[in-house]
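Residues per chain are reported as follows:
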Amino acid sequence: MVTLNEYLILSGVLFSIGTAGVFLRRNLITILLSIEIMLNAVNITFVSVGRYQGTVDGQIITFFVMTVAAAEAAVGLALVIALFRHRETLSPDAFTSLKW
Amino acid sequence: MDRIIFYILAGVTVLASLGVVSSKNPMHSVMMLIVSFGALAGLYVLLDAPFTAVTQIIVYAGAIMVLFLFVVMLLNQHKEDDPDVMPAGLRGVNMRAGVLLSLLLAFEVAWGLSRVGVTMFSSDPAAVSSISSVARIGTSLFTTHAFAFEVTSVLILVSMVGAVVIARRER
């Protein structure tokens, strides 16, 4: 039988991989993909804790996280397209106009 | 048996996620992420959540990843830009700090979880069948969480309009 701890450790490892992607990559699309990895790491925590507690609430909040992720991907990718039109690059280092 | 499947699926998920982060070509990253989501759907099945597994495949691996693929193909940037926008020395420091921070996060989570005692899932068949029932999820979604569900529809409408307005060509 797999324990709850193993699922939580898997989730922590996935979240760290996602964070590393956001910190290390210099490509807006890959950064958005890393955010999706982090969202999925949190989803697996919700589902496994819901399974542990014997309620469906974990699965329902996962459903809402997926909806928010879809909305975030749509708006994020629209922003990426708009930024690419202005600067012809996907590197976040090129978009520092708002930096103080 | 469960353990073996869990470790295979977890290994595929972690390796595919590492591939997403380390691949230089965004197209390969998206493909790797689809593999990772497929393995995650298998993990949801192991957790007696078949509805979430199917949603994961249809919504994530289907809809969201196709959106990403469209944008990758539209922009046609199949390699990372040259990192010469920033001074070379500063960039190295940033990279090392980033790796350090994510490793620190992984160690913190692992340390915290190692302090918690081993927690087993209940294997009572009645409890298992009640949480894997789609009917129960639906009932809970449309009664207890009905308000959140309706707010979600507004969120989707807003993001749809927002995406069209942001990505529209200005004239």
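Scope of this entry: the structure provided in the associated data block. Keep in mind it's a predicted model, so treat the numbers as computed, not measured.

## Some remarks on the nonpolar core
Next up, step 1: Grouped together as the largest cluster of nonpolar side chains are 52 residues, with contacts concentrated most on Ile29 of chain A together with Phe68 of chain B.
Next up, step 2: Elements that contribute at least two residues to this core include exactly helix H1 (4-24), helix H2 (28-53) and helix H3 (57-87) of chain A together with helix H1 (2-22), helix H2 (26-46) and helix H3 (50-75) of chain B.
Next up, step 3: Sorting elements by how many residues they give to this core places H3 of chain B first, with 10 residues.
Next up, step 4: Setting aside anything within four residues of it in sequence, one finds phenylalanine 68 of chain B in contact with Ile29, Leu32, Leu33, Glu36, Ala73 and Leu77 of chain A together with Val30 of chain B.
Next up, step 5: Core analysis: the second largest hydrophobic core is formed by six residues, Val56 and Ile60 of chain A together with Ile137 and Leu141 of chain B among them.

## Notes on the interface of chain A and chain B
Next up, step 1: Taken together, the contacts link 70 residues of chain A with 82 residues of chain B.
Next up, step 2: Of the roughly 7,100 Å² buried between chain A and chain B on both sides combined, carbon and sulfur atoms contribute 73%.
Next up, step 3: Three residues, Met1, Arg51 and Met66 of chain A, lead the burial of chain A against chain B; their summed loss comes to 10% of the area buried on that side.
Next up, step 4: At the surface where chain A touches chain B, the tally comes to two salt bridges.

## A short note on the environment of phenylalanine 84 of chain A
Next up, step 1: Locating phenylalanine 84 of chain A in the fold gives a position in helix H3.
Next up, step 2: As for phenylalanine 84 of chain A and threonine 3 of chain A, which are separated by 81 residues in sequence, their C-alpha atoms are 46 Å apart.
Next up, step 3: For phenylalanine 84 of chain A, the residues in contact, after removing those within four places along its chain, are Thr89 and Leu90 of chain A together with Leu75 and Gln77 of chain B.

## Observations regarding the pattern of salt bridges
Oppositely charged side chains may form a pair once their charged atoms are brought near each other.
Next up, step 1: Evaluation of the coordinates by the stated rule reveals two salt bridges over all chains.
Next up, step 2: For arginine 3 of chain B, the salt bridge is made with glutamate 6 of chain A, and the minimal N-O distance between the two is 2.8 Å. Of this pair, arginine 3 of chain B sits in helix H1 while glutamate 6 of chain A sits in helix H1, which puts the two residues in different chains.
Next up, step 3: For arginine 3 of chain B, a relative accessible area of 36% gives the class partly exposed.
Next up, step 4: Look at glutamate 6 of chain A and you get buried, because its relative accessible area is 13%.

Parameters and conventions
Residues numbered from 1 in each chain as written. Chains lettered and ligands numbered in written order. Predicted model: local features only at pLDDT ≥ 70, side-chain atom pairs only at ≥ 80, totals over all residues. Heavy atoms only, no water. Core = buried A, V, L, I, M, F, W, Y, C linked by side-chain atoms within 4.5 Å. Buried < 20%, exposed > 50% of the residue type's maximum accessible area, 1.4 Å probe, protein only. Helix = DSSP H or I, 4+ residues; strand = E, 2+ residues; numbered from the N terminus. Contact = heavy atoms within 4.5 Å. Buried area = accessible area lost by both parts, 1.4 Å probe. Salt bridge = Lys/Arg side-chain N within 4 Å of Asp/Glu carboxyl O.

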